[in-house]
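Examining the three-dimensional arrangement
Listed below, chain by chain, are the residues.
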Amino acid sequence: MPEWRYRGRVVTTEEIDFIHRLITEHPTASRRRLSEKLCEAWQWKQANGALRDMVCRGLLLMLHRAGEIELPAIRYRPPNPLAQRKRPQPMLIDTTPLTCALSDIRPILLEQARKTADEPLFNSLMEQHHYLGYEQPVGEHLKYLVWAQGRPIACMAWSSAPRHLGSRDRYIGWSAEARRRNIRFVAYNTRFLILPWIKVPHLASHILGRVAAMLPADWKRMYSHPVYFAETFIDPGRFRGTCYRAANWVLMGRTTGRGKASNSYIPNRSIKEILGLALTRRFRELLSE
């Protein structure tokens with residue numbers, strides 16, 4: 001029998017037999033209820049104690065499609081919010097050009113906007129002014145709005161880190177098992193936007209330094225665990241990453257240009273630089289535990 005692996009978990013023959021018994025013992029249970037019961041039996045939980053229900057459902061579906069188990073028929077197919085999600089709409093803000101020294105716009109306020117009344121503003125600014133547009137994050141994520149003189153001047157988005165990243169993994173020096181357990185302690189900076197009418201030297205590196213100081217506590221407040229390390233990708237065809245380097249981020253390596261779903265060794269996308277930042281001096285020790 002082939003070895004099954006899903007999201008870093010190896011599923012043994014004994015565990016598949018257990019799933020068979022679980023389905024047999026609960027003939028009226030829905031797929032969702034079976035997933036919940038399996039999470040409870042395996043103690044498959046997130047760091048905050050919540051069941052890893054969606055991951056478990058994906059595992060069950062994989063085994064069902066492979067013919068290893070037979071799930072009950074789907075009873076309800078909810079609408080897909082991602083397929084039907086409307087793009088963020090433009091919002092009226094002050095777009096008067098601002099060209100001055102960093103000291104002239106203090107105080108600069110950083111607001112964690114996730115689950116606040118300002119989250120739609122964050123989404124709108126990213127959609128309208130970032131070259132990649134707005135992308136709804138999946139999993140753990142935070143959104144920062146930066147304010148000065150009573151108006152937004154910048155945005156920064158963070159999300160869960162990619163599970164496999166060779167340059168990062170070699171830089172940290174953790175084992176595959178440690179990475180599987182501790183990847184949740186790494187945050188990935190997915191978007192950074194200085195609004196195009198803001199021309200303030202050193203603003204970007206100032207924001208990067210401020211956010212790095214806030215990020216571990218804000219992440220713990222939202223998700224019940226901190227983060228110890230930060231990473232981002234820089235497209236050298238578009239940017240030099242000067243502000244990151246000025247804020248003490250280091251170059252860890254470059255991507256292969258193949259993407260996580262590639263089945264060949266031929267690059268199919270642009271090669272990006274991978275930059276990292278330690279959020280605590282003990283990051284290697286903490287991530288390797």
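Above: the structure in question.
Let me sum up the structure you'll find in this document. Only a predicted model underlies this, so the values are computations on that prediction, with no experimental measurement involved.

All right, on to the overall build of the protein then. Broken down by element type, the protein carries 10 helices and 11 strands. Residues counted as buried form 44% of the 289 residues belonging to the protein. Residue pairs at least 24 apart in sequence account for 69% of intrachain contacts in the protein once pairs closer than 6 positions are excluded. Carbon and sulfur atoms provide 52% of the accessible area of the protein, an area that totals close to 16,500 Å². Charge centroids of the protein, computed over 45 positive and 26 negative side chains, lie 4 Å from each other.

Attention now goes to the packing of helix α2 (residues 31-42) against helix α3 (residues 53-65). At their nearest, the axes of α2 and α3 sit 9 Å apart, and the two run at 110 degrees to each other. The angle between the axes of α2 and α3 places the two elements in the roughly perpendicular class. Listed contacts from α3 to Arg31, Arg32, Leu34, Ser35, Glu36, Leu38, Cys39 and Trp42 of α2 are Asp53, Cys56, Arg57, Leu59, Leu60, Leu61 and His64. Of the residues assigned to the contact of α2 with α3, the class counts are eight nonpolar, two polar and five charged.

The next thing to look at is the sheet that holds strand β5 (residues 141-148). Here seven strands make up an open sheet; going across it, the order is β4-β5-β6-β7-β9-β11-β10 and the pairing mixed. The sheet is open, and its two edges are formed by β4 (109-112) and β10 (250-254), each paired on a single side. Neighbouring strand axes in the sheet, compared pairwise and without regard to direction, differ in orientation by 30 degrees on average. In the sheet, β5 pairs with strand β6 (residues 151-160) via eight bridges, with the strands oriented antiparallel. Paired with Val146 across the two strands is Ala154, which belongs to β6.

Buried within helix α5 (residues 119-129) are the following residues: Glu119, Leu121, Phe122, Asn123, Ser124, Leu125 and Met126. Buried residues belonging to α5 abut β5, β6 and β7 (186-194).

This brings us to the pairing of β6. In terms of residue burial, β6 counts as a mostly covered element, since nine of its 10 residues are buried. Between β5 and β6, which pair antiparallel and follow one another directly, the connecting turn spans two residues, one of which, Gln149, has a positive phi of 55 degrees. Of the pairings in the sheet, the one linking β6 to β7 comprises seven bridges and is antiparallel in character. By the bridge assignment, Ser159 is partnered in β7 with Tyr188.

On the surface, Tyr131, Leu132 and Phe239 cluster together into a nonpolar patch covering about 300 Å² of accessible area. Examined against the element boundaries, Leu132 turns out to sit in the loop between α5 and β5.

The next thing to look at is the state of the cysteines. Counting across every chain of the model gives zero disulfides. Sulfur of Cys39: no disulfide; nearest cysteine sulfur belongs to Cys56 and is 3.9 Å away. Judged by its relative accessible area of 0%, Cys39 falls in the buried class. Taking the relative accessible area as the measure of exposure, Cys56 reaches 0% and is therefore buried.

Parameters and conventions
Residues numbered from 1 in each chain as written. Predicted model: local features only at pLDDT ≥ 70, side-chain atom pairs only at ≥ 80, totals over all residues. Heavy atoms only, no water. Helix = DSSP H or I, 4+ residues; strand = E, 2+ residues; numbered from the N terminus. Buried < 20%, exposed > 50% of the residue type's maximum accessible area, 1.4 Å probe, protein only. Contact = heavy atoms within 4.5 Å. Areas by Shrake-Rupley, 256 points an atom, 1.4 Å probe, with all protein chains shown as cover. Lys, Arg positive; Asp, Glu negative; His and termini not counted. Charge placed at Lys NZ, Arg CZ, Asp CG, Glu CD. Axes fitted to C-alpha atoms, helices over the stretch in contact; angles between N-to-C directions. Parallel < 35°, antiparallel > 145°, perpendicular 65-115°, else oblique. Nonpolar A, V, L, I, M, F, W, Y, C, P; charged D, E, K, R; others polar. Pairing = 2+ DSSP bridges. Patch = residues over 30% accessible without salt bridge, like charges linked within 9 Å, V, L, I, M, F, W, Y side chains within 5 Å. Salt bridge = Lys/Arg side-chain N within 4 Å of Asp/Glu carboxyl O. Disulfide = S-S within 2.5 Å.

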